[in-house]
Amino acid sequence: MSFLLYRSLVYLHPAAFRRQFGSELLVIFEDAVVADGAAALLFDVVVSLLRQWLLRSGLWKAGVAVLGAAVQVIPALMMATRHARVSQIVPARGAPIEADGLVAITVFMVCFVAAMLVAVVFWSIHVARLAAKRR
Amino acid sequence: MTEDFDSFLPLSAATLHVLLALAGEDRHGYGIMQEVKRQSEGKYKLGPGTLYDNLQKMLDHGMVEDARHKSKNDDPRRRYYRLTRFGRGLLAAEASRLEGVVREARAHLGPNLRPSPGAAS
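This text gives an overview of the structure that appears in the document. (Residues numbered from 1 in each chain as written. Chains lettered and ligands numbered in written order. Predicted model: local features only at pLDDT ≥ 70, side-chain atom pairs only at ≥ 80, totals over all residues.)

1. Quick word on the sheet that holds strand β1 (residues 27-28) of chain B
Residue and element names in this part refer to chain B. Spatially, β1-β3-β2 is the arrangement adopted by the 3 strands of the open sheet, whose pairing is antiparallel. Here the strands that pair on one side only, and so sit at the sheet edges, are β1 and β2 (64-67). Where β1 meets strand β3 (residues 80-83), 2 bridges bridge the pair, whose relative direction is antiparallel. Among the inter-strand pairings, His28 is bridged to a residue of β3, identified as Tyr80. (Pairing = 2+ DSSP bridges. Helix = DSSP H or I, 4+ residues; strand = E, 2+ residues; numbered from the N terminus.)

If you want it as structure tokens, here you go:
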């Protein structure tokens with residue numbers, strides 16, 4: 001039962017790591033389970049799973065990029081909803097555009113584009129590194 | 001070459017122990033874990049997750065490489081690892097750095113570096 005659970009947790013590792021070390025991790029479980037106990041080995045493989053996905057796979061970079069985007073977009077969005085009602089954002093034909101609304105929309109758009117750029121740059125760096133590793 | 005070593009120093013405890021475990025002979029993963037346990041008198045315990053995370057980095061940096069199986073009866077799922085020339089040089093550079101640390105410690109604490117009983121409490 002514990003071996004089945006261990007094998008499932010090994011299987012959940014990123015593909016590159018699993019291909020390189022997966023079978024060895026299973027052999028070590030068979031070797032070490034009597035001396036170290038299944039609980040210690042299961043704890044170790046859970047820590048390894050988190051480490052491989054969160055730190056080594058570069059997923060944290062995507063997380064930071066999304067967080068950075070949110071930090072920029074959310075205040076701009078709050079400003080936009082505070083200062084500009086929908087009627088001001090999309091004025092009726094021929095009606096004068098109020099400066100407040102226009103500024104809010106501009107700030108929002110600039111922040112949104114900047115956040116997306118940051119996210120795309122981080123993501124493309126991550127993808128390029130993965131491709132280089134595979135080569 | 002020294003500059004290459006400098007960018008890796010000081011080594012993490014796990015990397016140092018793995019290099020040290022492979023300095024004597026080629027070993028497989030479980031063999032490395034057991035050797036680390038023996039060398040540290042059980043004080044440093046390396047789990048398989050930490051071991052393979054470090055081995056991956058060490059393979060990428062050319063500190064260790066795959067080695068041949070020792071006998072035909074070995075489990076084919078096992079992989080053996082051995083130190084490269086670079087890994088051996090790096091271990092020597094770290095050992096030399098640690099010698100300097102010990103020398104400094106002796107200069108300040110005296111020749112006997114064993115902690116006195118009750119010092120930790």
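2. Things to note about the nonpolar core
Within the largest apolar cluster, 28 residues are counted, with the highest numbers of intra-cluster contacts made by B:Val18, B:Leu19, B:Leu22, B:Ile32, B:Leu51, B:Leu55 and B:Val64. Listing elements by their share of this core, those giving two or more residues are α1 (2-11), α2 (15-36) and α3 (38-56) of chain A together with α2 (13-24), α3 (29-39), α4 (48-60), β3 and α5 (85-109) of chain B. Once residues within four sequence positions are removed from consideration, B:Val64 is found in contact with B:Leu22, B:Leu55, B:Met58, B:Leu59, B:Tyr81, B:Arg82, B:Leu83, B:Thr84 and B:Gly87. Within the second largest apolar cluster, 6 residues are counted, among which are A:Ala76, A:Ala80, A:Cys111 and A:Ala115. (Core = buried A, V, L, I, M, F, W, Y, C linked by C-beta atoms within 7 Å. Buried ≥ 20, exposed ≤ 12 C-beta atoms within 10 Å, placed from the backbone. Contact = placed C-beta atoms within 7 Å.)

3. Examining the interface of chain B and chain A
In this assembly, 12 residues from chain B lie in contact with 15 residues from chain A. Sorting the residues of the side of chain B that touches chain A by element identifies α3 and α4 of chain B as the ones contributing at least two each. Broken down by element, the side of chain B that touches chain A gets its largest block of residues, 5 residues, from α4(B).

In short, shape yes, function no, at least from these values alone.
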